[in-house]
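Below, each chain spelled out in residue letters.
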Amino acid sequence: MKDYRLFLIDLDGTIYRGKETIESGVRFVKRLDEAGLDYLFLTNNTTRTPQMVADKLAGHGVKTDVSKIYTPSMATASYILEKEAKRPIGVYIIGQIGLWKEILDRPEFYYDEENPDYVIVGMDTDLTYHKLMVATRCIHRGAVFIGTNSDQNLPVGKELRPGNGSICAALEVASGQKPLFIGKPEAIIVNRALDLAGVRAEEALIVGDNYPTDIMAGINSGVDTLLTLTGVTQKADLAGLTPPTYLVNDLDEFSL
């Protein structure tokens, strides 16, 4: 193994699978702690606040705090603040508490349903026609359309439920505008996590179970990747694809 300074670790399918704990993932984090190696949990989930993520991890035996959590909500706020010179910045939000709190707890942003600068769309299990209508109107009026992540489906048990990418697809058809996506597999969230940790791409390793999101995030950002077969992607799914840097059945197989 290279001398990595930072591990960017996925959650669902890597540390837990819904309510089920993936013990090899928990042991992996404990081994990082024992070795004094730095890491961030890099999730595509915007429905939870960083504290809620830390609490869920605690329920699976991983003791951590919000300084180790990085979400697309955080990356979205950071991206807009870097790109946008004007203050304050008007936003219309579709999403849940993790996204609302991360954006609107910052004094640089205010909520605007009429003429916002940005329409920010995250996963929303209470999505309504009215929300889609307002977002479409705002985009037609010139708001920049941002999607926190492009996940088309969310695996829940044995079924695939609509993900944020599906919500954004409906808005893309209605508005005629493509969204700018922030979360995995885009390089935006990875680069912002690297900047936060003060680490170069070649010094980091992305760890995850999902090739289209986790592994492609590494490929798109020039970061090495470790695919664990404890979640979505299985070995047969890799045929014809650029292989991950490392491939393991579970994270117990990866030596630090």
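Calculation rules
Residues numbered from 1 in each chain as written. Predicted model: local features only at pLDDT ≥ 70, side-chain atom pairs only at ≥ 80, totals over all residues. Heavy atoms only, no water. Helix = DSSP H or I, 4+ residues; strand = E, 2+ residues; numbered from the N terminus. Expected span 1.5 Å × (residues − 1). Buried < 20%, exposed > 50% of the residue type's maximum accessible area, 1.4 Å probe, protein only. Arc of directions from axis to C-beta. Contact = heavy atoms within 4.5 Å. UniProt positions renumbered as here; feature names shortened; annotations may be inferred. 1 Å grid on protein atoms, 1.4 Å probe; cavity = no way out; pocket = protein on both sides within 12 Å on 5 of 7 lines; lining within 4 Å. Axes fitted to C-alpha atoms, helices over the stretch in contact; angles between N-to-C directions. Parallel < 35°, antiparallel > 145°, perpendicular 65-115°, else oblique. Left-handed = near helix turned anticlockwise from the far one by under 90°. Nonpolar A, V, L, I, M, F, W, Y, C, P; charged D, E, K, R; others polar. Core = buried A, V, L, I, M, F, W, Y, C linked by side-chain atoms within 4.5 Å. Polar contact = N/O pair within 3.5 Å; in protein donor to acceptor, adjacent residues only side chain to side chain. Pairing = 2+ DSSP bridges. Points joined across faces, edges and corners; volume = space filled by probe spheres on them. Phe/Tyr/Trp six-rings, centres within 6.5 Å; stacked < 30°, edge-to-face > 60°. Lys NZ or Arg CZ within 6 Å of the ring centre and 35° of its normal.

(A) Up close: helix 6 (residues 164-175). With twelve residues, helix 6 extends 16 Å between its outermost C-alpha atoms, agreeing within 8% with the 16 Å of an ideal straight helix rising 1.5 Å per residue. Turning to helix 6, its buried residues are Asn-164, Gly-165, Ile-167, Cys-168, Leu-171 and Ser-175. Down the axis of helix 6, the smallest arc covering the buried residues is 155 degrees, so these residues share one side. Here the buried face of helix 6 lies against strand 6 (89-94), strand 8 (118-121), helix 5 (129-140), strand 9 (144-147) and strand 12 (180-181). One or two residues past the end of helix 6 sits Gly-176, with phi positive at roughly 75 degrees.

(B) Structural view of the UniProt feature "binding site: Mg(2+)" (unreviewed entry) in the chain. UniProt marks Asp-10, Asp-12 and Asp-209 with the feature "binding site: Mg(2+)" (unreviewed entry), using the numbering shown here. In sequence the annotated residues extend across 200 residues, while in space they remain close, none of their C-alpha pairs exceeding 8.1 Å. Here the residues from the annotation list that line the largest pocket are Asp-10, Asp-12 and Asp-209. Turning to its location among the elements, Asp-10 is positioned in the loop between strand 1 (6-9) and strand 2 (16-17). Given a relative accessible area of 8%, Asp-10 falls into the buried group.

(C) The arrangement of the packing of helix 5 against helix 6 in detail. Orientation of helix 5 relative to helix 6, taken along the N-to-C sense of each, is 50 degrees, at an axis distance of 9 Å. What the angle tells us is that helix 5 and helix 6 run oblique. In this structure, helix 5 meets helix 6 at a crossing whose hand is right-handed. Between helix 5, through Leu-132, Ala-135, Thr-136, Ile-139 and His-140, and helix 6, the contact on the second element is made entirely by Ile-167, Leu-171, Ala-174 and Ser-175. Of the residues assigned to the contact of helix 5 with helix 6, the class counts are six nonpolar, three polar and no charged.

(D) Fine view of the nonpolar core. In this structure, Leu-8, Ile-80, Val-91, Ile-103, Phe-109, Val-190 and Leu-194 are the most contacted members of the largest nonpolar core, which totals 32 residues. Those elements giving two or more residues to this core turn out to be strand 1, strand 4 (38-42), helix 3 (72-83), strand 6, helix 4 (97-104), strand 8, helix 7 (187-197) and strand 13 (204-208). Among the elements that make up this core, the one with the highest residue count is helix 3 (six residues).

(E) View of the UniProt feature "active site" (unreviewed entry) in the chain. Mapped onto the present numbering, the UniProt feature "active site" (unreviewed entry) falls on Asp-10 and Asp-12. As for the annotated residues, the ones lining the largest pocket are Asp-10 and Asp-12. Among the polar contacts listed, one links the side chain of Asp-10 to the side chain of Thr-14, at a separation of 3.1 Å. Position of Asp-12 among the secondary structure elements: in the loop between strand 1 and strand 2. With residues up to four places along the chain from it excluded, the contact list for Asp-12 reads Arg-17, Gly-18 and Asp-209.

(F) Quick peek at the sheet that holds strand 12. Sheet architecture is open: five strands sit in the order 7-6-8-9-12, paired in parallel fashion. The open sheet has two free edges, formed respectively by strand 7 (109-111) and strand 12, since each of these has just one partner strand. Contacting strand 6, strand 8 and strand 9, helix 5 crosses the sheet at an angle of about 145 degrees to strand 6.

(G) Structural context of the sheet that holds strand 5 (residues 69-70). Pairing is parallel across the open sheet formed by six strands, whose spatial order is 5-4-1-13-14-15. Unpaired on one side and paired on the other, strand 5 and strand 15 (246-248) mark the two borders of the sheet. As paired strands, strand 1 and strand 13 are joined by four bridges and run parallel to one another. Opposite Leu-6, over in strand 13, you have Ala-204 as the bridge partner. Of the strands in this sheet, strand 1, strand 4, strand 5 and strand 13 touch helix 7, which is tilted by about 140 degrees from strand 1.

(H) Structural detail: the layout of surface pockets. Counted as a void, the largest pocket has a volume near 1,300 Å³. Forming the walls of the largest pocket are 47 residues, and the residues nearest its centre are Asp-12, Asp-151, Asn-153, Leu-154 and Pro-155. Looking at the lining of the largest pocket, the elements with two or more residues in it are strand 2, strand 10 (153-156), strand 11 (159-162) and helix 8 (211-221).

(I) How the structure looks around the packing of aromatic side chains. Taken as a whole and assessed by the stated rule, the structure comprises eight aromatic pairs. Considering the side-chain rings of Tyr-39 and Phe-41, the 5.4 Å spacing of their centres and the 70 degrees angle between planes classify their relative orientation as edge-to-face. For the pair formed by Tyr-39 and Phe-41, the shared burial category is buried. Lying over the aromatic face of Tyr-16, Lys-56 brings its terminal NZ or CZ to 4.4 Å of the ring centre. Sitting above the plane of the Tyr-39 ring, Lys-68 keeps its charged end 4.8 Å from the centroid.

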